[in-house]
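Each chain, letter by letter, is given below.
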Amino acid sequence: MALITFTSPMHKDKTVYAVAGSHTQTILDLAKEHHIPIDFGCQEGNCGTCLVKVSSVDGKRRPMGGPLNVREVAALTELGHITKAEIEQMYVDDIPPTQWRLACQMIVRDEDILVEYPSK
Ligand code: FES
C-alpha cells in the first residue's frame, strides 16, 4: 500500500493510503475520494487544469508513476513542462522524465509520493 501525501500552500497537508496494483486509480481519483481540492476540468488529459508536481517522499529519485500517455505528453508539451528531448529519454528510461503530471492521468503505483497542488 502506498502513502500519498498531498501538500498545498493553501491547505493542510493530507496523507492517504492508496491501493496500488489496480492500475486504474489516478491521483485525481484519490484526491476526489479524500476531498482534496485539486482543480480539474475534462478528466481526460486534454485541458491541463489538474497539473500537479509529483516527487518521491525521500527526494532521492524520480517517482516511477505510470508512464506518460499520449494525451499527457501533448498537454505537458503545450504547457511547456516537458521537452522533446525529455520525451525521447522517457522511452529509453521507461519512467516519467518530469515531476509535472496530470492528476487525471497519473496512475498510482506502489510507492510513497508527495503531490504538490495547485501547481501554478
Ligand atoms: Fe483536464 Fe486533467 S482535468 S487534463
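What comes next is a walk through the structure. (Residues numbered from 1 in each chain as written. Predicted model: local features only at pLDDT ≥ 70, side-chain atom pairs only at ≥ 80, totals over all residues. Heavy atoms only, no water.)

## Observations concerning the overall build of the chain
Part 1 of the argument: When you go through the chain residue by residue, the secondary structure sums to three helices and five strands.
Part 2 of the argument: Starting at the N terminus and ending at the C terminus, the chain contains elements arranged as β-β-α-β-α-α-β-β.
Part 3 of the argument: By the compact-globule yardstick of 14 Å for 120 residues, the chain fits well, its C-alpha radius of gyration being 13 Å.
Part 4 of the argument: Referenced to the eigenvectors of the C-alpha coordinate spread, the extents of the chain come out at roughly 35 × 25 × 25 Å.
Part 5 of the argument: Evaluated residue by residue, the chain yields a buried proportion of 43% over its 120 residues. (Helix = DSSP H or I, 4+ residues; strand = E, 2+ residues; numbered from the N terminus. Rg over C-alpha atoms; globule rule 2.2 N^0.38 Å. Buried < 20%, exposed > 50% of the residue type's maximum accessible area, 1.4 Å probe, protein only.)

## Digging into the pairing of strand E5 (residues 113–116)
Part 1 of the argument: Alternating residues of E5 divide into Ile113 and Val115, all buried, and Leu114 and Glu116, none buried.
Part 2 of the argument: Strand direction decides the pairing type here: strand E1 (residues 2–8) and E5, joined by four bridges, are parallel. For Ile4, the partnering residue across the bridge sits in E5 and is Ile113. (Pairing = 2+ DSSP bridges.)

## Things to note about the side chain of Thr5
Part 1 of the argument: Along the chain, Thr5 turns up in strand E1.
Part 2 of the argument: Classification of Thr5 by relative accessible area gives buried; the value is 16%.
Part 3 of the argument: The contacts of Thr5, once residues within four sequence positions are left out, are Lys14, Thr15, Ile113, Leu114 and Val115. (Contact = heavy atoms within 4.5 Å.)

## Some thoughts on the environment of Gly59
Part 1 of the argument: Mapped onto the elements, Gly59 comes out in the loop between strand E3 (51–56) and helix H2 (70–78).
Part 2 of the argument: With 55 residues separating them in the primary sequence, Gly59 and Leu114 have C-alpha atoms 9.1 Å apart.

## Details of H2
Part 1 of the argument: Within H2 the residues assigned to the buried category are Glu72, Val73, Ala75 and Leu76.
Part 2 of the argument: Buried residues belonging to H2 abut E3, helix H3 (84–93) and strand E4 (100–102).

## Comments concerning the sheet that holds strand E2 (residues 11–18)
Part 1 of the argument: Overall, mixed pairing links the five strands, which are arranged E2-E1-E5-E3-E4 in an open sheet. What marks the edges here is a single partner per strand, and that holds for E2 and E4. The average angle at which neighbouring strand axes cross in this sheet is 30 degrees, direction not considered.
Part 2 of the argument: Two strands pair when backbone bridges link them, and E1 and E2 are joined in this way by six bridges, in the antiparallel orientation. The residue bridging Leu3 from the neighbouring strand is Tyr17, located in E2. (Axes fitted to C-alpha atoms, helices over the stretch in contact; angles between N-to-C directions.)

## Some points on the packing of aromatic side chains
Part 1 of the argument: Inspection of every chain in the model, using the stated rule, returns zero aromatic pairs.
Part 2 of the argument: Positioned over the ring face of Phe40 is Lys32, at 4.8 Å from the centre of the ring. (Phe/Tyr/Trp six-rings, centres within 6.5 Å; stacked < 30°, edge-to-face > 60°. Lys NZ or Arg CZ within 6 Å of the ring centre and 35° of its normal.)

## Comments concerning unusual backbone geometry
Part 1 of the argument: The omega torsion across Tyr117 and Pro118 is -25 degrees, close enough to zero to call that bond cis.
Part 2 of the argument: Note that Pro118 resides in the segment after E5.
Part 3 of the argument: Phi is positive for His35, which is not a glycine, with a value near 55 degrees.
Part 4 of the argument: By secondary structure assignment, the location of His35 is in the loop between helix H1 (27–33) and E3.
Part 5 of the argument: Look at His35 and you get exposed, because its relative accessible area is 71%.
Part 6 of the argument: In this model, Asp94 sits at a positive phi of 65 degrees, which is unusual for a non-glycine residue.
Part 7 of the argument: The topology assignment puts Asp94 in the loop between H3 and E4.

Keep in mind these values describe shape, not function.
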